[in-house]
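Remarks on the overall topology
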Amino acid sequence: MDENNKPKKPIIYYYAVVMLILCLLNLFMLPQMRQAQIVKTTYDTFITEIDEDKIAEVEVQSNQILFKKTGDETVYRTGIMNDPGLTERLLEHKVKFSSEIVEQTSPWISLLVSWLFPILLATFLLRALMSRGSMGSGGSPFNLGKSNARVYKGSEQEIRFKDVAGEDEAKENLQEIVTYLHDPSKYKHIGATMPKGILLVGPPGTGKTMLAKAVAGESNVPFFSISGSEFVEMFVGMGASKVRDLFKNAKEKAPCIVFIDEIDAIGGKRNTGALSGANDEREQTLNQLLTEMDGFEGNSGVVILAATNRPESLDPALLRPGRFDRRVPVELPDLQGREEILRVHAKKVKTEKNIDYNVIARMASGASGAELANIVNEAALRAVRENRNVVSQKDLEESIEVVFAGYQKKNAILTDEEKLRVSYHEIGHALVAALQTDSAPVQKITIIPRTSGALGYTMQIEEGNHYLYTKEELENRIATLTGGRAAEEVKFGTISTGASNDIEQATKIARSMIAMYGMSDDFDMVAMATVNSRYLGGDATLACSDKTSAAIDARVIRLVRQQHAKARQLLEDHRDDLDRISRYLYEKETITGEEFMSILKEGNDMTVPAETAD
Ligand code: ADP
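Just so we're clear, the structure is a prediction, and the values are computed from it rather than from any experiment.

Digging into the site of the ligand
For the ligand, the set of nearby residues contains 15 residues, the closest of which are A165, G205, K208, T209 and H345. A distance of 3.1 Å is found between an oxygen atom of the ligand and a backbone nitrogen or oxygen belonging to G207. In this structure, a nitrogen atom belonging to the ligand sits 2.8 Å away from a side-chain N or O atom of H345. If the ligand stood free it would expose 560 Å²; the protein chains cover 79% of that surface. Considering only residue class, the shell around the ligand consists of 7 nonpolar, 6 polar and 2 charged. Counting the residues that make up the shell around the ligand, at least three belong to each of domain 2 (150–271 + 279–329) and domain 3 (335–405).

Re the nonpolar core
In terms of nonpolar packing, the biggest core is built from 27 residues, with L174, I177, L200, V215, I257 and L305 touching the most fellow members. Sorting elements by how many residues they give to this core places helix 5 (residues 168–182) first, with 6 residues. L174 has contacts with F161, I198, L200, L211, V215, L305 and V328, leaving out every residue within four places of it along the chain.

Remarks on the packing of aromatic side chains
As enumerated under the stated definition, the model contains 6 aromatic pairs in all. When the ring of F67 is compared with that of Y76, the centres are 5.5 Å apart and the planes differ by 20 degrees; the resulting orientation is stacked. Exposure class is identical for F67 and Y76. Each is buried. Clustering of aromatic rings is evident, with ring pairs tying together Y43, F46, F67 and Y76. Geometry around Y76 places K69 over its ring, the cationic atom sitting 4.3 Å from the centre. Taking the ring centre of Y586 as reference, the NZ or CZ of K419 above it sits at 5.0 Å.

Observations regarding the pattern of salt bridges
Inspection of the entire model under this criterion finds 24 salt bridges. In this structure, E386 and R388 form a salt bridge, with 2.9 Å as the shortest nitrogen-oxygen distance. Judged by its relative accessible area of 42%, E386 falls in the partly exposed class. Linking R575 and D579 is a salt bridge whose minimum nitrogen-to-oxygen distance equals 3.1 Å. Of the two residues, R575 and D579 both sit in helix 20 (residues 575–588), 4 residues apart, roughly one turn of that helix. Look at R575 and you get partly exposed, because its relative accessible area is 27%. Overall, D579 belongs to the buried group, its relative accessible area being 5%. Each of R382, E386, R388 and D395 takes part in one network of salt bridges that share partners.

Some remarks on the sheet that holds strand 16 (residues 590–592)
With antiparallel pairing, 3 strands are arranged side by side in an open sheet as 13-12-16. Each edge of the sheet is formed by a strand with only one pairing partner; in this case those strands are strand 13 (457–460) and strand 16. Looking at each pair of strands side by side, their axes are set apart by 10 degrees on average, direction ignored. Pairing analysis gives 4 bridges linking strand 12 (residues 442–446) to strand 13, with the strands arranged antiparallel. Within the sheet, the bridge partner assigned to T446 lies in strand 13 and is Y457.

Description of the environment of E340
On the secondary structure map, E340 appears in helix 12 (residues 335–346). For the pair E340 and V164, spaced 176 residues apart in the sequence, the C-alpha separation amounts to 9.1 Å. E340 has contacts with A165 and G166, leaving out every residue within four places of it along the chain.

Structural notes on the pairing of strand 7 (residues 197–201)
In terms of burial, strand 7 is a largely internal element, 5 of the 5 residues being buried. Both faces of strand 7 are covered, namely the face carrying G197, L199 and V201 and the face carrying I198 and L200. Here 5 bridges tie strand 7 to strand 10 (residues 302–308), and the two strands are oriented parallel to one another. When the sheet's bridge partners are listed, G197 is paired in strand 10 with I304. Where strand 7 meets strand 11 (residues 324–329), 5 bridges bridge the pair, whose relative direction is parallel. What sits directly across from L199, in strand 11, is R327.

Brief notes about the sheet that holds strand 5 (residues 96–99)
Through backbone hydrogen bonds, the strands of a sheet pair up, either in parallel or in antiparallel fashion. Across the sheet, which stays open at both edges, the 5 strands sit in the order 1-4-3-2-5 with mixed pairing between neighbours. With partners counted over all chains shown, the strands left at the sheet margins are strand 1 (39–40) and strand 5, one partner each. When strand 1 meets strand 4 (residues 75–78), the two strands line up parallel, connected through 2 bridges. Within strand 4, the residue paired with V39 across the bridge is Y76.

Observations concerning the pairing of strand 10
Among the 7 residues that make up strand 10, 7 are buried, leaving the element largely enclosed by the rest of the structure. Residues V302, I304, A306 and T308 of strand 10 are buried on one face, and the alternating residues V303, L305 and A307, pointing to the opposite face, are buried as well. Pairing analysis gives 5 bridges linking strand 9 (residues 256–261) to strand 10, with the strands arranged parallel. Bridge pairing links C256 to V302 in strand 10.

Section: helix 7 (residues 208–219)
Given a rise of 1.5 Å per residue, 12 residues ought to cover 16 Å, and the 17 Å separating the end C-alpha atoms of helix 7 matches this to within 8%. Those residues of helix 7 that fall on the buried side of the exposure criterion are K208, L211, A212, A214, V215, A216, G217 and S219. Buried residues in helix 7 make contact with helix 5, strand 7, strand 8 (223–227), strand 9 and strand 10. Count one or two residues on from helix 7 and you reach N220, which has phi positive near 55 degrees.

Some words on the side chain of T446
For T446, the location among the structural elements is in strand 12. Not counting chain neighbours up to four residues away, the residues in contact with T446 comprise E401, E426, G456, Y457, L585, E589 and T590.

Brief notes about the confidence of the model for the protein chain
This prediction gives the protein chain a mean pLDDT of 80; 81% of its residues lie at or above 70. Mean pLDDT in the protein chain bottoms out at strand 6 (residues 150–152), which sits at 66, and peaks at helix 17 (residues 471–492), which reaches 93. Across residues 132–142, confidence stays below pLDDT 50; counting only partners more than four residues off in sequence or on other chains, it has 14 contacts. Predicted confidence is poor over residues 607–614, with pLDDT under 50, and the contacts of this stretch with residues over four places away or in other chains come to 13 contacts.

Rules used throughout
- Residues numbered from 1 in each chain as written.
- Predicted model: local features only at pLDDT ≥ 70, side-chain atom pairs only at ≥ 80, totals over all residues.
- Heavy atoms only, no water.
- Near = heavy atom within 4 Å.
- Polar contact = N/O pair within 3.5 Å; in protein donor to acceptor, adjacent residues only side chain to side chain.
- Areas by Shrake-Rupley, 256 points an atom, 1.4 Å probe, with all protein chains shown as cover.
- Nonpolar A, V, L, I, M, F, W, Y, C, P; charged D, E, K, R; others polar.
- Domains from an automatic or database assignment.
- Core = buried A, V, L, I, M, F, W, Y, C linked by side-chain atoms within 4.5 Å.
- Buried < 20%, exposed > 50% of the residue type's maximum accessible area, 1.4 Å probe, protein only.
- Helix = DSSP H or I, 4+ residues; strand = E, 2+ residues; numbered from the N terminus.
- Contact = heavy atoms within 4.5 Å.
- Phe/Tyr/Trp six-rings, centres within 6.5 Å; stacked < 30°, edge-to-face > 60°.
- Lys NZ or Arg CZ within 6 Å of the ring centre and 35° of its normal.
- Salt bridge = Lys/Arg side-chain N within 4 Å of Asp/Glu carboxyl O.
- Pairing = 2+ DSSP bridges.
- Axes fitted to C-alpha atoms, helices over the stretch in contact; angles between N-to-C directions.
- Expected span 1.5 Å × (residues − 1).
- pLDDT = per-residue confidence, 0-100.

See below:
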């Protein structure tokens, strides 16, 4: 533990080290490097070689004699001796010689070269280093320890609640803060204290930052915004002083809002006993944050909003009363919310008049606000690419696929056999979905490869909002997911790698059904898994004995196998439909859900001859 509490080295320390290295280099290394190519000899060798006429040139310096031999470029060196006859000897043997010309360099210049220059160089290097370290937070070397929070004044704050579409519960919850910030004295008067900290929790891109800005915008107060990761910078020991600085500024500007994005970067659970330096830094920052929060009064007019998508990873100390004791969930938008968000963003671009946002919202089920904003932008980009000046319904529909599945991969050339296999695979999914009454109808099926790597794509449409799924519905979803592979088996008798994503999803559903939703008779209502990051994909960890864990695996396999067999049976029973529609998709490459349904019905109504079938 003690190791964690070593005092941090101040910045001047690093500065001094760099300086010292440079000065030592200047004093010792450079002259030595110059001397390195000179060969040392004795004085008597020098004299003998003069006498033997081996020496071509001599330079007598104040502390040494340098000389070159005839036909040799090496410079030799020997010491000075009290030898009055040397000049005569040199003249006698016709050796060229000179004495050193000492140029009087001004002491100022030598001071400049030996001291000032290294200092300037060191300063320059240090500056470059530090501005890299604080990149993104707009810091300069002289701002170390300053919070770097971006400050927005109330009037510059464009965002209002009306700009945040949907999220009505969150807005309602935050409205109270706005009322408080308008007139804190009203609350003081009655003796009510506002929560000091409010935690916005939800998946990424659901508008948490936007909501925090909207609170500031509505209350017309300054807004300090900083991201958790910006606290922990290159130089250790700065995080805590940044927190201190942030709160000092905020208190001066109260009433105001401090927004800490990604608070999990500093507010994660502190580990006890670990000896990691990086964690130590984070902990000091967190401790400072806790101290600051405890230090100011509830009615000081500073409201702290923080956002996270990993609430379960936060240190419990942060969530104690008097700190972040209010939690505002900011969930993924429902159908109506998605439609509203699309409308808000569509206002920023020129669109055709008759756009049906409800259809787009249905197609984009599960999309976050940020993804919906992206869909509208992609649609506008597509319109420009195609030289149109308004966004059409088709642009929006195509951009949903771009956002979820990547761009069409123009140069991916599938062989005819691959194309046929992908057609069967996709129709397998769609047909199994359509044949099971509870499955959502298909919106669109395509076999145009996407940059995301998907070779085909079946877009299911969501009818209204769905909050609960029955066991049968989940089983049907697994069957639908296995439908692609089942179709390949029925048609080709062989299987391919195309089902990896289906396998992953089917397994995830099956595992949740058994370990989390109590949908297996053997385990009844016993929870055997805990969800880790609900907002980030919801990975679960098994919390049971090895034996139970093996039993869960066995049941997961059984469940998926049953549904796979069911899907295969359905497709075998409807082999005509499978062949006919797959052929149609093979020819057309993209078909809509309506086309799919009408071909399916056609076949069932008049039992079309199997000539179109392969
Ligand atoms: P978060 O902080 O939850 O990750 P942001 O607030 O940064 O998400 O949202 C990113 C972008 O997504 C916003 O700039 C906005 O364009 C869009 N967005 C998200 N939610 C909404 C919403 N409810 N209404 C309008 N736009 C939204």
